[in-house]
Amino acid sequence: MMKNMGSVDRILRLIVGVALVLFALFGPAEITWKWVAWIGVVPIVTALIGWCPAYTVLGIKTCKSA
């Protein structure tokens, strides 16, 4: 797996992922569908490894190196 995400992309994914997971954990109890926010784990993992499978399929590369 070669990295295909640049720094800005990784930072934004990390912020959005953490926000979603925090909402899942600490969001209002009245919202019954807040479990959907656990999808935030996906952008966190892709940001940490620097590789996005969807980018590979679509031929997108935001990383400047290689």
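Residues numbered from 1 in each chain as written. Predicted model: local features only at pLDDT ≥ 70, side-chain atom pairs only at ≥ 80, totals over all residues. Heavy atoms only, no water.

Trainee: Quick rundown of the packing of aromatic side chains? Include the residues and the values.
Mentor: When we look at a pair of aromatic rings, we describe it by the centre distance and by the angle of the planes. This structure, assessed with the given rule, holds zero aromatic pairs. When the ring centre of Tyr 55 is taken as reference, the NZ or CZ atom of Arg 13 above it lies at 5.0 Å. (Phe/Tyr/Trp six-rings, centres within 6.5 Å; stacked < 30°, edge-to-face > 60°. Lys NZ or Arg CZ within 6 Å of the ring centre and 35° of its normal.)

Trainee: So, the environment of Ser 65: which residues are in play, and what are the values?
Mentor: Relative to the helices and strands, Ser 65 resides in the segment after helix H3 (53–58). Sequence separation between Ser 65 and Gly 6 is 59 residues; the distance between their C-alpha atoms is 8.7 Å. (Helix = DSSP H or I, 4+ residues; strand = E, 2+ residues; numbered from the N terminus.)

Trainee: Now, about the side chain of Asn 4: what can you tell me, with residues and values included?
Mentor: By the element assignment, Asn 4 lies in the segment before helix H1 (7–26). A polar side-chain atom of Asn 4 sits 3.3 Å from a polar atom in the side chain of Thr 56. The contact partners of Asn 4, leaving out residues within four places of it in the chain, are Gly 50, Trp 51, Cys 52, Tyr 55, Thr 56, Ile 60, Lys 61, Thr 62 and Cys 63. (Polar contact = N/O pair within 3.5 Å; in protein donor to acceptor, adjacent residues only side chain to side chain. Contact = heavy atoms within 4.5 Å.)

Trainee: Quick one: what's the story with the pattern of salt bridges, residue by residue and with numbers?
Mentor: What the rule picks out here adds up to one salt bridge. In this structure, the salt-bridge partner of Asp 9 is Arg 13, at a minimum N-O distance of 3.2 Å. In this pair, Asp 9 and Arg 13 are both assigned in helix H1, four residues apart and thus about one turn of the helix distant. By relative accessible area, which is 15% here, Asp 9 ends up buried. (Salt bridge = Lys/Arg side-chain N within 4 Å of Asp/Glu carboxyl O. Buried < 20%, exposed > 50% of the residue type's maximum accessible area, 1.4 Å probe, protein only.)

Trainee: So, the environment of Gly 59: which residues are in play, and what are the values?
Mentor: For Gly 59, the position within the fold is in the segment after H3. Accessibility expressed as a relative area gives 63% for Gly 59, which makes it exposed. Considering only alpha carbons, one finds Gly 59 and Leu 25, 34 residues apart in sequence, at a separation of 34 Å.

Trainee: Break down the environment of Ser 7 for me, citing the residues and quoting the values.
Mentor: By the secondary structure assignment, Ser 7 is in helix H1. Each C-alpha atom of the pair Ser 7 and Val 42 lies 17 Å from the other, and the pair is 35 residues apart in sequence.

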